[in-house]
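Now for the letters of each chain:
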Amino acid sequence: LNSAKNKGLALALYQSGQDESHQRELTIIRDLPIALSSGQMYIVYQPKVDILAKYCNSAEALIRWQHPQLGFISPVEFILLAERSGNINLISNWMLQSVIKQLAAWQEDHPDLTVSVNLSAHDLLDEHLPQTIVEWLEEWQVPVSALSLEMTESAVMQDTVKVINNLHQLKTSGIRLAIDDFGTGQSSLAYLKSLPVHELKIDRAFIKDIENNFQDALIVKAATQLAMGLGLKVTAEGLENRSGLASVLQAGCQNVQGYYFSKPLSAEDFSLWLTLFSSQGGTFFNEV
Ligand code: C2E
Ligand code: MG
Ligand code: MG
Ligand code: MG
């Protein structure tokens, strides 16, 4: 057939596809700052459950963006663009301040709740970060132990001296620190011993099929034993079903975050969920 013509058409289609995704990226980057101040961004909270104590006193805060033209945009997409365009600090500051205000509001009903906020590599290089966060906590009279910060292995590994210095300051001030998505980056269990962190979150990649995959189960068990041996809290991310829960328990992992317990919820719904769970949390575990 007319292959030259077909190639030309394919190339045109490919290029227009490229243009479209480029246009989308530009729109996202352009609208990010306005979105934060105009109510398009909001926060959802996903419970982290202690499956041995059958108890919940922590959650992860996750950002959401409902764009007026583009609709729902996943943080997987716009966090990367915010990092690349130098706007991630706007998001991180907004998250930290909003979560701290929410924690202040929750002090009466949920005084022992700890909420974690995700930070990016760039945030960890800011030498003013620890002091800034401590001042916000003081301003809202929120105990430092109510805040936890999640960061990936690669974010910690970038400019180690600067980052480790910040982590030490944060830890000294009483703020909790967690390694996120453990197992997906340049993992080395050895470097965990030198990091001033409290918690290790095992990536969903190892959890999502744990009941069927004995290798995943072995990896989760080994990572859990090592991390617990180093005195860390271990959390399995992304657990969706009951059979997975049994496998995670068998691997010795004590804390679980995932759709099985709850999807991320609005602040109001999370508060209701927490009250309900603390009164009848055991029912989640009946047949395990
Ligand atoms: P993450 O920090 O590892 O957060 C966990 C992600 O797994 C969340 O996706 C959560 O909704 C999802 N998840 C939890 N349980 C399950 C499950 O059982 N099944 C499945 N399929 N997914 C589950 P989300 O909210 O889309 O966030 C994706 C990523 O975007 C986060 O991964 C984090 O890296 C980033 N992110 C989200 N919010 C923020 C933020 O405020 N700041 C920064 N810097 N990054 C954020
Ligand atoms: Mg996280
Ligand atoms: Mg994670
Ligand atoms: Mg992630």
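Read on for a plain summary of the structure. Keep in mind the model is a prediction, meaning the values are calculated, not measured.

About the thresholds
- Residues numbered from 1 in each chain as written.
- Chains lettered and ligands numbered in written order.
- Predicted model: local features only at pLDDT ≥ 70, side-chain atom pairs only at ≥ 80, totals over all residues.
- Heavy atoms only, no water.
- Helix = DSSP H or I, 4+ residues; strand = E, 2+ residues; numbered from the N terminus.
- Expected span 1.5 Å × (residues − 1).
- Buried < 20%, exposed > 50% of the residue type's maximum accessible area, 1.4 Å probe, protein only.
- Arc of directions from axis to C-beta.
- Contact = heavy atoms within 4.5 Å.
- Polar contact = N/O pair within 3.5 Å; in protein donor to acceptor, adjacent residues only side chain to side chain.
- Donors = N, O, S within 2.8 Å, 3.2 Å for Na, K, Ca; no water.
- Salt bridge = Lys/Arg side-chain N within 4 Å of Asp/Glu carboxyl O.

1. Quick look at helix α9 (residues 214-229)
Turning to step 1, where the next piece is worked out: Between the first and last C-alpha of α9 there are 22 Å, a value that for 16 residues agrees with the 22 Å anticipated at 1.5 Å per step.
Turning to step 2, where the next piece is worked out: Listing the buried residues of α9 in full gives D216, V220, A223, T224 and A227. Viewed end-on, α9 has its buried residues packed into an arc of 105 degrees, placing them on one side of the element. Exposed and oriented more than 90 degrees from the buried face of α9 are F214, L218, Q225 and G229.
Turning to step 3, where the next piece is worked out: Here the buried face of α9 lies against β6 (176-182), β7 (199-202), α8 (204-207) and β8 (233-237).
Turning to step 4, where the next piece is worked out: The backbone nitrogen of Q215 has a side-chain oxygen 2.9 Å away, supplied by the residue at the start of α9, namely N213.

2. As for the coordination of the magnesium ion (ligand 3)
Turning to step 1, where the next piece is worked out: Protein-derived coordination of the magnesium ion (ligand 3) comes from D180 (OD), D181 (OD), E237 (OE) and E237 (OE), at a distance range of 2.0 to 2.5 Å.
Turning to step 2, where the next piece is worked out: A spacing of 4.0 Å is found between the magnesium ion (ligand 3) and the magnesium ion (ligand 2), which share D180 as a donor. Taken together, the positions of D180 in strand β6 and E237 in strand β8 put the pair 57 residues apart, joining distant regions of the chain. The same class applies to D180 as to E237, namely buried.

3. A closer look at the pattern of salt bridges
Turning to step 1, where the next piece is worked out: Tallied over the entire structure, the rule returns eight salt bridges.
Turning to step 2, where the next piece is worked out: One salt bridge in this structure joins K201 and E60, with 3.0 Å as the shortest N-O distance. Separated by 141 residues along the polypeptide, K201 in strand β7 and E60 in strand β2 (residues 55-67) bring together distant segments of the chain. E60 shares its class with K201; the two are buried.
Turning to step 3, where the next piece is worked out: In this structure, E150 and K201 form a salt bridge, with 2.7 Å as the shortest nitrogen-oxygen distance. Taken together, the residues span a long stretch of sequence, with E150 in strand β5 (residues 147-152) and K201 in strand β7 at a distance of 51 residues.

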